[in-house]
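# Analysis of the macromolecular model
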Amino acid sequence: VSCMSTPEPSLNVDALSLTFFCLGGVYGLLVMFPLVQISRITRLGYPLLKASTQKSFLALLLLTAAFRTVFFIAVPLIAPQPFYITHFKNPFYTVLDDLGCIVFYILFTYLILFWAEIIYHAQNRRAFFTRRMRPTYYALQVIIFMGQAAIWVYLLIQRNDHVRIDQVDVIDNIYYSVLLCNSKN
C-alpha cells in the first residue's frame, strides 16, 4: 500500500482577483467613515487637541480598515501562482493579515475598556479606574503586541525555511486562539 500525499490546496489568484479587489474596495470605503467622523469631531464638535476615547476608537477603526484594504489589494498584485491557502509562504502576507487582526483585537478590547470606564464613572469609582484598570489595560496591550512582534521577527528570520514557516503558522494561529478565548472571559 503506497502512501500518497494529498496535494496542497491552492487557488488561482487570477480567478479570484475580482473578489480580492472587491473586498479591498469595501474596506477602502470603510476607511472613509472614520476619516469623516474624525474630521467632523475635530473641526465641528470638539476641537480639542488631546486624544479622546472616541478619537482613539475611530483611529483604531481606520487602521484596521486600512490594513485590510492593503492586504486584499496586495494579494492579487503580488501573489505568486498558485497562492496557497493553508500555508503562507510569504511573510509579507502574514504581517499584513496579522496587523489587521491585532488592531481589530485592540479595538475590541478598547471598546470594553470604554464601557468599564462608563460603569466606574457611574459608580463614582473613577479614581480606581484611572489608577488600576487603565494602566493594566495598556500594559496587557503592550505585552500582546510584543508577543505578536516576536512571532513576526521569528517568521522573518525563518523566511527561507518552509518547514519552520509552517510551524510559525501554527504558533500564530494558537496565539490568536488564546487571545480570543481570553477576551471572552
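Look above for the structure.
Keep in mind it's a predicted model, so treat the numbers as computed, not measured.

When its secondary structure is counted, the protein shows five helices and two strands. From first element to last, N terminus to C terminus, the protein shows the α and β order β-α-α-β-α-α-α. Counting across all 185 residues of the protein, residues that qualify as buried make up 31%. Counting only carbon and sulfur atoms, one obtains 70% of the accessible surface of the protein, whose full area is about 12,100 Å².

Our next topic: the environment of Gly100. Positionally, Gly100 belongs in helix α3 (residues 91–122). Judged by relative accessible area, Gly100 falls into the buried class, the value being 2%. Here the alpha-carbon distance between Gly100 and Ala65, two residues 35 residues apart in the chain, equals 7.4 Å.

Before going further, it helps to examine the environment of Leu77. If you trace the backbone, Leu77 turns up in helix α2 (residues 53–78). Its relative accessible area of 60% is what places Leu77 among the exposed residues. As a C-alpha pair, Leu77 and Phe21 span 56 residues in sequence and 9.7 Å in three-dimensional space.

With respect to the secondary-structure elements, Gln158 resides in the loop between α4 (126–157) and α5 (162–184). Exposure remark for Gln158: the relative accessible area of 16% places this residue in the buried category. When near neighbours in sequence (up to four residues on either side) are disregarded, Gln158 contacts Arg164 and Ile165.

The next subject is the nonpolar core. In this structure, Leu60, Ile102, Ile144 and Leu179 are the most contacted members of the largest nonpolar core, which totals 20 residues. Contributing elements (two or more residues each) for this core: α3, α4 and α5. With nine residues, α3 is the single largest residue contributor to this core. Setting aside residues no more than four positions away along its own chain, Ile102 makes contact with Ile144, Phe145, Gln148, Tyr176 and Leu179. Phe72, Ala74, Val75 and Tyr93 belong to the second largest nonpolar core, which has seven residues in total.

Attention shifts here to the packing of aromatic side chains. In this structure the tally under the stated criterion is eight aromatic pairs. Their ring planes at 75° and their centres at 5.3 Å tell us that Phe71 and Phe72 sit as a pair that is edge-to-face. Both residues of the pair, Phe71 and Phe72, belong to the buried class.

In a packed pair of helices, the relevant descriptors are the angle between the two axes and the axis-to-axis distance. Running from N to C, α3 and α4 cross one another at 170°; their axes reach a closest spacing of 11 Å. With respect to each other, α3 and α4 are oriented roughly antiparallel.

Criteria and cut-off values
Residues numbered from 1 in each chain as written. Predicted model: local features only at pLDDT ≥ 70, side-chain atom pairs only at ≥ 80, totals over all residues. Heavy atoms only, no water. Helix = DSSP H or I, 4+ residues; strand = E, 2+ residues; numbered from the N terminus. Buried < 20%, exposed > 50% of the residue type's maximum accessible area, 1.4 Å probe, protein only. Areas by Shrake-Rupley, 256 points an atom, 1.4 Å probe, with all protein chains shown as cover. Contact = heavy atoms within 4.5 Å. Core = buried A, V, L, I, M, F, W, Y, C linked by side-chain atoms within 4.5 Å. Phe/Tyr/Trp six-rings, centres within 6.5 Å; stacked < 30°, edge-to-face > 60°. Axes fitted to C-alpha atoms, helices over the stretch in contact; angles between N-to-C directions. Parallel < 35°, antiparallel > 145°, perpendicular 65-115°, else oblique.

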